[in-house]
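Okay, here's what each chain looks like letter by letter:
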Amino acid sequence: MLVAVGWSVLLNRAAARRLHDATLQGVTLAVSLISLMKKKINALTSTPWYQDFTRFVQLKGLSENSRDTYDRWVLHLSRHFPDQDLPTLPPHRVLDFLIHL
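Residues numbered from 1 in each chain as written. Predicted model: local features only at pLDDT ≥ 70, side-chain atom pairs only at ≥ 80, totals over all residues. Heavy atoms only, no water.

Undergrad: So what exactly am I meant to see when it comes to the overall build of the protein chain here?
TA: Tallying secondary structure elements over the protein chain gives 4 helices and 0 strands in all. Secondary structure elements in the protein chain, listed N-terminal to C-terminal, are α-α-α-α. Scored against the burial criterion, the 101 residues of the protein chain give a buried share of 11%. As presented, the protein chain carries roughly 8200 Å² of accessible surface, and 63% of it is formed by carbon and sulfur atoms. (Helix = DSSP H or I, 4+ residues; strand = E, 2+ residues; numbered from the N terminus. Buried < 20%, exposed > 50% of the residue type's maximum accessible area, 1.4 Å probe, protein only. Areas by Shrake-Rupley, 256 points an atom, 1.4 Å probe, with all protein chains shown as cover.)

Undergrad: How should helix α2 (residues 48-59) be read in this particular structure?
TA: Quick reminder: α-helices carry 3.6 residues per turn. Residues three or four places apart thus point the same way. Between its first and last C-alpha, α2 extends 16 Å over 12 residues, near the 16 Å set by a 1.5 Å rise per residue. Once α2 ends, the next one or two residues include G61, with phi positive near 75 degrees. (Expected span 1.5 Å × (residues − 1).)

Undergrad: Is there a simple way to think about helix α3 (residues 64-80) in this case?
TA: Taking 1.5 Å as the rise per residue, α3 with 17 residues should run 24 Å; its terminal C-alpha atoms sit 24 Å apart, in good agreement. Here α3 has its buried residues at V74, L75, L77 and S78. Buried positions in α3, seen along its axis, are confined to an arc of 160 degrees and lie on one side of it. (Arc of directions from axis to C-beta.)

Undergrad: Is there a simple way to explain the nonpolar core in this structure?
TA: A general feature of soluble globular proteins is that nonpolar side chains tend to end up buried together. Among the nonpolar cores identified, the biggest contains 9 residues, and these are L44, Y50, V74, L75, L77, F81, L86, L89 and F97. Counting residues per element, this core draws most heavily on α3, at 3 residues. The contact partners of Y50, leaving out residues within four places of it in the chain, are L44, T45, D71 and V74. (Core = buried A, V, L, I, M, F, W, Y, C linked by side-chain atoms within 4.5 Å. Contact = heavy atoms within 4.5 Å.)

Undergrad: Can you walk me through the pattern of salt bridges in this structure?
TA: Side-chain pairs of opposite charge can arise whenever the charged atoms involved come near each other. Taken as a whole and judged by the stated rule, the model has 1 salt bridge. D52 is paired through a salt bridge with R55; the nearest N and O atoms lie 2.4 Å apart. Taken together, the positions of D52 and R55, both in helix α2 and 3 residues apart, correspond to about one turn of that helix. (Salt bridge = Lys/Arg side-chain N within 4 Å of Asp/Glu carboxyl O.)

Undergrad: Teacher, can you tell me more about the packing of aromatic side chains here?
TA: Ring pairs (aromatic) are described by centroid distance and by the angle formed between their planes. Enumeration according to the criterion identifies 4 aromatic pairs in this entry. Seen in terms of ring centroids, Y50 and F53 are 6.1 Å apart; in terms of plane orientation they differ by 45 degrees. Their pairing is tilted. Of this pair, Y50 and F53 both sit in helix α2, 3 residues apart, which is roughly one turn of that helix. With a centroid separation of 6.3 Å and an interplanar angle of 80 degrees, the aromatic rings of W73 and F97 are classed as edge-to-face. (Phe/Tyr/Trp six-rings, centres within 6.5 Å; stacked < 30°, edge-to-face > 60°.)

Undergrad: Explanation requested: the confidence of the model for the protein chain in the structure shown.
TA: When pLDDT drops low, the exact placement of atoms in the prediction is not to be read closely. Residues at a pLDDT of 70 or more form 77% of the protein chain, whose mean pLDDT is 78. Ranking the elements of the protein chain by mean pLDDT puts helix α1 (residues 2-45) last, at 67, and helix α4 (residues 91-100) first, at 88. (pLDDT = per-residue confidence, 0-100.)

Undergrad: Is there a simple way to think about a nonpolar patch on the surface in this case?
TA: A cluster of nonpolar residues, W73, L95, L98, I99 and L101, forms a patch on the protein surface that exposes about 550 Å² of accessible area. When residues of the nonpolar patch are assigned to their parent elements, the largest contribution, 3 residues, is made by α4. Here L101 is to be found in the segment after α4. (Patch = residues over 30% accessible without salt bridge, like charges linked within 9 Å, V, L, I, M, F, W, Y side chains within 5 Å.)

Below is the structure:
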């Protein structure tokens, strides 16, 4: 009986170690993805057309929640078409994005 308990403890420790390693890998991947997304967001928000867009939305006098929603939709659109310049995106591609939702 003592041997069985010993094996059980060893197996539990090994499983805990694997879980810990997998968790660390997951956290590392998440941090890498967040870093990549921040770079893409910074690249997008630094473009002249995006700055013009945000000024236009602010001048409309919309609430802060509405402005944030507009910003999120533009970010979603840019993620859906990562290799395209959004101002030159044809209307049918925007419609494809909306249908995709």
